[in-house]
Protein chains: 2
Amino acid sequence: MTDETPAFSSMIDKEREQKSTEANVAPLQLGKRVREIRLANNLTLEEASRRTGLARSTLSKIENEQISPTFQAVQKLATGLNIDIPQLFVNPQDARTSGRRDVTRFGEGRPHPTPTYEHEILANQLTNKKMLPYKSTVRARDFDQYPGWVRHAGEEFMLVLKGKVRFYTEFYEPVDLDTGDSTYYDGTMGHALVSISEEDAEVLWVTSN
Amino acid sequence: MTDETPAFSSMIDKEREQKSTEANVAPLQLGKRVREIRLANNLTLEEASRRTGLARSTLSKIENEQISPTFQAVQKLATGLNIDIPQLFVNPQDARTSGRRDVTRFGEGRPHPTPTYEHEILANQLTNKKMLPYKSTVRARDFDQYPGWVRHAGEEFMLVLKGKVRFYTEFYEPVDLDTGDSTYYDGTMGHALVSISEEDAEVLWVTSN
DNA sequence: AACAAATATTTCCTATTGGAAACTTTTCTC
DNA sequence: GAGAAAAGTTTCCAATAGGAAATATTTGTT
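Note that this is a predicted model, so its numbers are computed, not measured.

Undergrad: Break down the sheet that holds strand β10 (residues 201-208) of chain B for me, with residues and values.
TA: Across the sheet, seven strands lie side by side as β1(A)-β8(B)-β5(B)-β10(B)-β4(B)-β3(B)-β2(B); this open sheet has antiparallel pairing. Across the chains shown, the open sheet's two edge strands, defined by having one partner strand only, are β1 (101-104) of chain A together with β2 (110-113) of chain B. Across the sheet, the mean angle separating the axes of adjacent strands is 20° when strand polarity is ignored. Here eight bridges tie strand β4 (residues 131-138) of chain B to β10 of chain B, and the two strands are oriented antiparallel to one another. Looking at the pairing, Tyr 134 of chain B lines up with Trp 205 of chain B of β10 of chain B.

Put into structure tokens, the structure is as follows:
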């Protein structure tokens, strides 16, 4: 199964490449890293304690490098604070991507037309993004216009901005989505979209890895 | 800096918990993994001990899951045996989330009101998502209504669905966004949103980890 | 500035880890 | 298959982690 067109496919994939990233750097200061993560999530020690099941005091000591937590503790940390353990061993913060911002004005994304969709890539000024947002006009009017299922690695979120669409997926019955409706699905499951309103429908897509 | 309200904070974070995944499953048999690696390298405990600086007995206990090594010990292990720490936590393919789909009808997300926003969480039927989508009505009319910057781990994408907003960020001048405009930014950078149209503005947010 | 509330650190104590050496099991060698 | 050497496990104890509560610090309010 291919994407709508090879050109689009490779184009999207090029964007995707940016998402997977860096090498693993030494665990230098676990404590600092933990504190960073906790603060980034606006958590107090108390709250973090509640979530991880570790005592407030223990967390404090870990963050201040006063103790070397047992592996058990590290696991609790990871689960409670919602971080992949490997994340703890990656450079504290990717200086490249921290503090970034990009604004895309209405209609000013990078256009990319295909037979079935009229895509407009948003936030195209930023690279190495974790998500790829794009707005699309759904030109397809019939499922048969697709050479086959569309598939992506990762998950996708879609919101209908205008018109009405029929959403086909590999493992479910098609479902009609009206303006304002949205769906979230596994991108590796085959999927496709057609307009069923007078006008071509417009949707917003955000894909993740 | 706190989030808008503790309630919202914890609420969103509860959703976020779903994102963290495997990683937490894998380390169940750290010992097994270590033994595997040691044997694959044809090392005796004695030799491994020499290389890692950990006592023979300690290594034995770790491999037999009799103790939970301290983080220090794990580091020594990794360096001495020449392995990436993340390698110890290689996550297996996740079958749980493949082929999933959730549809949220207009206005049918899970509501969550706060002083500054009226949130509606989308795709709330799915757990362990990689992204968290929600639609929000921006009640705030003035930056002062925020107790401080809002911060999240990860990156965020925002699209203005209705009305007009002023987007404040820690490292940039505020920018006005009209309906249809969008922005993508590092969530750890402080940010906040206020309506500047007659009506309360409506925006779509998608956050990633 | 003074007070209260929230958040973070330190103390003190118990539980667990990590190491040296004793002990056990496995693997060679004859 | 007995004995010796190598490899692995367990024991015992000193060192260190982890938790509850006291103390200190920071933040917010009047």
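Undergrad: How would you explain the environment of Thr 44 of chain B if you had to name every residue and give the values?
TA: Relative to the helices and strands, Thr 44 of chain B resides in the loop between α2 (30-40) and α3 (45-52). Of the polar contacts made by the side chain of Thr 44 of chain B, one reaches the backbone nitrogen of Glu 47 of chain B; its length is 3.0 Å.

Undergrad: Talk me through the side chain of Thr 52 of chain A; I want residue IDs and the actual numbers.
TA: Residues and elements named next belong to chain A. Along the polypeptide, Thr 52 turns up in helix α3 (residues 45-52). A polar side-chain atom of Thr 52 sits 2.8 Å from the main-chain carbonyl oxygen of Ala 48. Not counting residues up to four positions away in its chain, the partners in contact with Thr 52 are Leu 59, Lys 76, Leu 77, Gly 80 and Leu 81.

Undergrad: Requested: an account of the interface of chain B and chain A, with residues and values cited.
TA: Listed as interface residues are 79 residues of chain B and, on the opposing side, 71 residues of chain A. Both sides of the chain B and chain A interface together cover about 5,900 Å² of buried area, and 57% of this is carbon and sulfur. When the area that chain B buries against chain A is broken down by residue, the three leading residues are Phe 71, Arg 101 and Tyr 184 of chain B, summing to 15%. Taken together, the links from chain B to chain A amount to four salt bridges.

Undergrad: Can you tell me about the protein's contact with DNA strand C, naming the residues and giving the values?
TA: Near DNA strand C lie 23 residues; those nearest to it are Leu 45 and Ser 57 of chain A together with Thr 58, Lys 61 and Ser 68 of chain B. Backbone sugar and phosphate groups make up 58% of those atoms of DNA strand C lying within 4 Å of the protein. For DNA strand C, a phosphate oxygen lies 3.1 Å from a polar atom in the backbone of Ala 55 of chain B. Contacts to DNA strand C include Ser 68 of chain B, whose backbone N or O atom sits 2.8 Å from a phosphate oxygen. Among the elements of the structure, α2 (30-40) and α4 (56-63) of chain A together with α4 (56-63) of chain B are those that each provide at least two residues to the surface near DNA strand C. Here the surface near DNA strand C is built from residues that sort into six nonpolar, eleven polar and six charged.

Undergrad: Can you explain the protein's contact with DNA strand D? Please cite residues and give values.
TA: Not every one of the 24 residues close to DNA strand D is listed here, only the nearest: Thr 58, Lys 61 and Thr 70 of chain A together with Leu 45 and Ser 57 of chain B. Counting only the atoms of DNA strand D that lie within 4 Å of the protein, the sugar and phosphate share comes to 57%. For DNA strand D, a phosphate oxygen lies 3.5 Å from a polar atom in the side chain of Arg 38 of chain B. The side chain of Ser 60 of chain B places a nitrogen or oxygen atom 3.1 Å from a phosphate oxygen of DNA strand D. Counting residues per element, the ones that place at least two in the surface near DNA strand D are α4 of chain A together with α2 and α4 of chain B. In terms of residue class, the surface near DNA strand D is made up of six nonpolar, twelve polar and six charged.

What counts as what
Residues numbered from 1 in each chain as written. Chains lettered and ligands numbered in written order. Predicted model: local features only at pLDDT ≥ 70, side-chain atom pairs only at ≥ 80, totals over all residues. Heavy atoms only, no water. Pairing = 2+ DSSP bridges. Helix = DSSP H or I, 4+ residues; strand = E, 2+ residues; numbered from the N terminus. Axes fitted to C-alpha atoms, helices over the stretch in contact; angles between N-to-C directions. Polar contact = N/O pair within 3.5 Å; in protein donor to acceptor, adjacent residues only side chain to side chain. Contact = heavy atoms within 4.5 Å. Buried area = accessible area lost by both parts, 1.4 Å probe. Salt bridge = Lys/Arg side-chain N within 4 Å of Asp/Glu carboxyl O. Near = heavy atom within 4 Å. Nonpolar A, V, L, I, M, F, W, Y, C, P; charged D, E, K, R; others polar.

Functional significance is not addressed by these values, which are geometric in nature.
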